[in-house]
Amino acid sequence: MAKKTAVITGSNSGIGLGSAHALAAAGYNVVINSFTDRRDDHALAKDIAEKYGVKVAYIKADMSKGTECRALIEKAAEDFGSIDVLVNNAGIQFVAPVDEFPTEKWDAIIAINLTSAFHTTAAALPHMKKSGWGRIINIASAHGLRASPFKSAYVSAKHGILGFTKTVALEVAEQHITCNAICPGYVLTPLVEAQIPDQMKAHNMDRDTVVREVMLEKQATKEFATVEQIGATVVFLASDAAAQITGTSISVDGGWTAA
Ligand code: NAD
């Protein structure tokens, strides 16, 4: 049987890279994406291909630009023959009070964290409809369900992606295509690692104290989720076992949203 193809946006780092490893380990051919096009990005694709014995390509595309989002899907379909799993993962963060929030940061977060999923999904659906099977998995956040101060753009984008998830699920429900979201709590990736020094300074705390008392304050387990755990959830949602799960979200947040 031909291998299925998974496209993961923003996958040269963190949760995207973890999901690429998990999908490759499960036997999917994988498309890695970022906007950087560094030698390391291509090396990453080669390493994953060799490690799991699947076909892996790196495709450069800037998820802040609609035309590049759509071009990523078309290039992947051309190179691999189908688009079976789409993981909308690319995301950025910026933290500031609403009345000081730079407009360009708002626009970038909405474009990368929300609008890119519209473009990639719109481009991928015709391919999925043609093959009569598909999985769209949006990496949202606990911030798709809860707010935190100073994260207005991020919280808006992540709430938006949950609405988009439900809408797409309803539109394609009878075509064996599902659309779901994963809502991680804090996962120790470069996106989160970069916030630790600022938090240490702001709270005058050492690293361990700031991680436990500030960052993981709402995460009941007081532990970070891992990229492997998010990757495993992606693989589950892509599996046939999840065929009747659609239009919903799975929290991997150490109990954050239980409270
Ligand atoms: P990360 O910084 O490690 O990874 C972000 C990825 O997005 C990178 O691969 C980067 O290259 C890519 N990216 C950024 N801008 C891009 C652009 N314009 N075009 C293409 N690719 C671009 O961060 P992460 O923590 O792995 O975040 C991945 C996703 O998970 C994001 O959507 C984030 O909001 C979400 N998330 C993360 C956490 C967490 O605690 N780390 C929690 C909840 C949700």
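Residues numbered from 1 in each chain as written. Predicted model: local features only at pLDDT ≥ 70, side-chain atom pairs only at ≥ 80, totals over all residues. Heavy atoms only, no water.

A.B. asks: Could you give me a rundown of the state of the cysteines, with the residues and numbers involved?
C.D. replies: The tally for this structure, following the rule as stated, stands at zero disulfides. The closest cysteine sulfur to the non-disulfide-bonded Cys179 is located on Cys183, 12 Å from its own sulfur. The exposure class assigned to Cys179 is buried, which follows from its relative accessible area of 0%. (Disulfide = S-S within 2.5 Å. Buried < 20%, exposed > 50% of the residue type's maximum accessible area, 1.4 Å probe, protein only.)

A.B. asks: Just give me the short version of the domain arrangement of the protein chain, but keep the residues and values in it.
C.D. replies: Here the domain parsing of the protein chain yields domain 1 (5-187 + 225-252) and domain 2 (188-224). A C-alpha centroid distance of 25 Å is found between domain 1 and domain 2. The interface is formed by 15 residues belonging to domain 1 together with twelve residues belonging to domain 2. Carbon and sulfur atoms make up 56% of the surface buried where domain 1 meets domain 2, a total of about 890 Å² over both sides. When the buried surface of domain 1 facing domain 2 is broken down by residue, Tyr186, Val187 and Ala225 rank first, second and third, together holding 58% of it. In this structure, the connection of domain 1 to domain 2 is made through zero salt bridges. Counting every contact that joins domain 1 to domain 2 gives three residue pairs in polar contact (both at pLDDT 80 or more). Per-class residue counts for the side of domain 1 that touches domain 2 are seven nonpolar, seven polar and one charged. (Domains from an automatic or database assignment. Contact = heavy atoms within 4.5 Å. Buried area = accessible area lost by both parts, 1.4 Å probe. Salt bridge = Lys/Arg side-chain N within 4 Å of Asp/Glu carboxyl O. Polar contact = N/O pair within 3.5 Å; in protein donor to acceptor, adjacent residues only side chain to side chain. Nonpolar A, V, L, I, M, F, W, Y, C, P; charged D, E, K, R; others polar.)

A.B. asks: Any details on the packing of aromatic side chains? Residues and values, ideally.
C.D. replies: Applying the stated criterion to the full structure yields three aromatic pairs. On the numbers, 5.5 Å between centres and 85° between planes, the contact of Phe94 with Phe101 is edge-to-face. Residues Tyr186 and Trp256 carry aromatic rings whose centres are separated by 5.8 Å and whose planes lie at 20° to one another, so their mutual orientation is stacked. Here Tyr186, found in the loop between strand S6 (177-184) and helix H6 (190-193), pairs with Trp256, found in the segment after strand S7 (249-252); they are 70 residues apart in sequence, far enough to count as distant. Of the two residues, Tyr186 and Trp256, neither departs from the other in class, the shared state being buried. Clustering of aromatic rings is evident, with ring pairs tying together Phe94, Phe101 and Trp106. We note Lys55 situated over the ring of Phe80; from NZ or CZ to the ring centre the distance is 4.4 Å. Above the ring of Phe118, the side-chain terminus of Arg70 is found at 5.4 Å from the ring centroid. (Phe/Tyr/Trp six-rings, centres within 6.5 Å; stacked < 30°, edge-to-face > 60°. Helix = DSSP H or I, 4+ residues; strand = E, 2+ residues; numbered from the N terminus. Lys NZ or Arg CZ within 6 Å of the ring centre and 35° of its normal.)

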